[in-house]
Amino acid sequence: MVTLPKDFVATRYNGYFWNLKEQRLYSIKVAGVLRPLAGPYEPNSFNNWNGPRYQISINGIKRSISVHYLKNLQSANSVIKVEKT
């Protein structure tokens, strides 16, 4: 079991965590290191977004996650599943 600092909240996507203090999105890598993501990116005429978003990848498929959704996350305990190899 992996324990993260209390400032981090799990998002609906596995491996991505929102830091409540810094207001920044992090991803967790295989080695267990949290890495801050670039962004957020602003909407423009090419992406048709309605607000700033972070670019993420889920199983090789690009997705975006809105800052509005992230700011509405509440602090809660979460468990990271560790697969045995």
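Presented here is a report on the structure given in the accompanying data block. All values reported here derive from a predicted model rather than from experimental measurement. (Residues numbered from 1 in each chain as written. Predicted model: local features only at pLDDT ≥ 70, side-chain atom pairs only at ≥ 80, totals over all residues. Heavy atoms only, no water.)

As for the overall build of the protein chain
Now for step 1: Of regular secondary structure, the protein chain possesses one helix and six strands.
Now for step 2: Sequence-ordered secondary structure for the protein chain, helices as α and strands as β, is β-β-β-β-β-β-α.
Now for step 3: Looking at the 85 residues of the protein chain, the share that counts as buried comes to 28%.
Now for step 4: Within the protein chain, contacts between residues at least 6 apart in sequence are counted, and of these 32% link residues at least 24 apart.
Now for step 5: Total accessible area computed for the protein chain in this model is approximately 6,500 Å², and 51% of it derives from carbon and sulfur atoms. (Helix = DSSP H or I, 4+ residues; strand = E, 2+ residues; numbered from the N terminus. Buried < 20%, exposed > 50% of the residue type's maximum accessible area, 1.4 Å probe, protein only. Contact = heavy atoms within 4.5 Å. Areas by Shrake-Rupley, 256 points an atom, 1.4 Å probe, with all protein chains shown as cover.)

What to know about the sheet that holds strand β3 (residues 24-28)
Now for step 1: Within the open sheet, the four strands sit side by side as β1-β2-β3-β4. Their pairing is antiparallel. Where the open sheet ends on each side, the last strands, each with one partner, are β1 (8-10) and β4 (34-36). Each strand axis lies, on average, 35° off the axis of its neighbour in the sheet, ignoring direction. (Pairing = 2+ DSSP bridges. Axes fitted to C-alpha atoms, helices over the stretch in contact; angles between N-to-C directions.)

Read these as spatial facts, not as claims about activity.
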